[in-house]
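Here's the letter readout for the chains.
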Amino acid sequence: MNTAQQLNTQFGIAGQLSFREDASGLIVAEISNAQATASLCLQGAHLMTWKPGNQSVPVIWLSRDAKLAAGKSIRGGAPVCWPWFGAHASESGFPGHGFARTVPWQVVESGNEPGGATRLTLRLVASEKTRAQWPHDCTLNLTVVVGETLRMELATENTGVTDFVIGEALHTYFRIGDIGAVRVRGLAGCDYWDKVGGSALKTQAGAISFSGETDRVYINTAAECVIEDDQLKRRIHVAKSGSLSTVVWTPWVEKADKMGDMGQPDGWREMVCVESVNAIENVVKVAAGARHTLIVEYRAEVI
Ligand code: TA6
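Below: a short report on this structure.

Procedures and definitions
- Residues numbered from 1 in each chain as written.
- Predicted model: local features only at pLDDT ≥ 70, side-chain atom pairs only at ≥ 80, totals over all residues.
- Heavy atoms only, no water.
- Helix = DSSP H or I, 4+ residues; strand = E, 2+ residues; numbered from the N terminus.
- Rg over C-alpha atoms; globule rule 2.2 N^0.38 Å.
- Contact = heavy atoms within 4.5 Å.
- Areas by Shrake-Rupley, 256 points an atom, 1.4 Å probe, with all protein chains shown as cover.
- Lys, Arg positive; Asp, Glu negative; His and termini not counted.
- Charge placed at Lys NZ, Arg CZ, Asp CG, Glu CD.
- Near = heavy atom within 4 Å.
- Polar contact = N/O pair within 3.5 Å; in protein donor to acceptor, adjacent residues only side chain to side chain.
- Nonpolar A, V, L, I, M, F, W, Y, C, P; charged D, E, K, R; others polar.
- Buried < 20%, exposed > 50% of the residue type's maximum accessible area, 1.4 Å probe, protein only.
- Salt bridge = Lys/Arg side-chain N within 4 Å of Asp/Glu carboxyl O.
- Pairing = 2+ DSSP bridges.
- Axes fitted to C-alpha atoms, helices over the stretch in contact; angles between N-to-C directions.

When its secondary structure is counted, the protein chain shows 3 helices and 22 strands. Its C-alpha atoms give the protein chain a radius of gyration of 18 Å, near enough to 19 Å, the size a compact globule of 303 residues would have. Along the first, second and third principal axes, the C-alpha set of the protein chain runs to 50 × 45 × 35 Å. Taking the intrachain contacts of the protein chain between residues at least 6 apart in sequence as the baseline, contacts between residues at least 24 apart amount to 63%. As presented, the protein chain carries roughly 12500 Å² of accessible surface, and 49% of it is formed by carbon and sulfur atoms. A gap of 2 Å separates the mean positions of the 28 positive and 32 negative side-chain charges of the protein chain.

Structure, rendered in structure tokens:
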């Protein structure tokens, strides 16, 4: 695995992109350009922070209890869930949301985008451990483009000779003023699996507002969502392609207390997850030799 110094030599961009070794020993990419700042932990290709220039408050939420530790997921940011979403279909001992977010990734490319944004591409490093849970020949890349918008592309390439099926998500935590005061628009009329208190299939009426634990998997939707936040005077636009499920989640107080890393006592009030997903009915078959890409683009509009 490259050291921070080797990465700076090979992929650093003076004044824009640098790599540092965290106290945990994990390596973090720091991005700062004329349009935005961001940080990303190489383990899990885990984008942790993003603050575009038109915002005084970061758009991506990171728990104040978030800890970097080898093999552990980070609370907040944009976790990569892959090659399954949620619990594994048959192996209860396999990690929830797949292994991608807790294993090493390597940097494969960096560069400047024409408009001044900074691009970074990482690739999951397969190992005996990952092959034990996912015995398929494939490549998984994440490209992030950091600017006034944040674009993320999760590309799965089936380099083997047999088809396989994946579940996946960019499980993104967004920073909001207060969970009781925001609405999520874009999913009216969509069917969803309500995971709170069982798993019932329901249909969304109007905008989503929050008054308790909410954990919904909206299916068969490519819709753009908007998080309306009057307190922070912004709308966060969540556009996507290559994804037919959207998950909307807040743990609310009891679950947040049990989780213990949501920034007690009320960190959970300042986040909402709007996740771009392929799960349940929308898992994706990637044929031998084919490639599938899930793309999101986030934008914060001042209101
Ligand atoms: O996407 C919502 C969800 O599946 C919730 O059920 C909750 O488990 C959340 O993900 C966080 O999961 P994690 O494994 O990161 O604690």
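Quick look at the site of the ligand now. In the vicinity of the ligand, the contacting residues are Arg 75, Phe 85, His 97, Arg 101, His 171, Lys 195, Asp 215, Val 247, Trp 249 and Glu 275. Arg 75 places a polar side-chain atom, nitrogen or oxygen, 3.0 Å from an oxygen atom of the ligand. Between His 171 and the ligand, the recorded distance is 3.0 Å, taken from a side-chain N or O atom to an oxygen atom. About the coverage of the ligand: the protein hides 81% of its 390 Å² of free accessible area. Looking at the shell around the ligand, its residues break down into 3 nonpolar, 2 polar and 5 charged.

On to the side chain of Lys 240. When you line up the elements, Lys 240 lands in strand S18 (residues 234-241). For Lys 240, which is buried and forms no salt bridge, the nearest opposite charge comes from Glu 168, at a distance of 10.0 Å. Within the structure, Lys 240 has its side chain in polar contact with the backbone oxygen of Ser 245 (distance 2.9 Å). In this structure Lys 240 touches Thr 221, Ala 222, Ala 223, Ser 245, Thr 246, Ser 276, Ile 295 and Val 296, once residues within four positions along its chain are discounted.

Our next topic: the sheet that holds strand S2 (residues 27-32). Consider a sheet: its strands pair through backbone hydrogen bonds, and that pairing is either parallel or antiparallel. With antiparallel pairing, 4 strands are arranged side by side in an open sheet as S1-S2-S3-S4. Strands with a single pairing partner mark the edges of an open sheet, and in this sheet they are strand S1 (17-21) and strand S4 (46-52). The mean angle between the axes of side-by-side strands here comes to 15 degrees, regardless of whether they run parallel or antiparallel. Lying on the sheet, helix H1 (residues 4-11) is in contact with S1 and S2; it crosses S1 at an angle near 170 degrees.

Counted under the stated rule, the structure contains 18 salt bridges. A salt bridge links Asp 261 to Arg 75, with the shortest nitrogen-to-oxygen separation between them at 3.0 Å. On the criterion of sequence distance, the pair formed by Asp 261 in the loop between helix H3 (252-259) and strand S20 (271-278) and Arg 75 in the loop between S4 and strand S5 (80-81) is long-range, its members being 186 residues apart. Across the pair Arg 119 and Glu 113 runs a salt bridge whose closest N-O atoms are separated by 2.5 Å. Members of the salt-bridge network, linked through shared partners, are Arg 183, Arg 185, Glu 228 and Asp 230.

Keep in mind that these numbers describe shape and distance, not what the molecule does.
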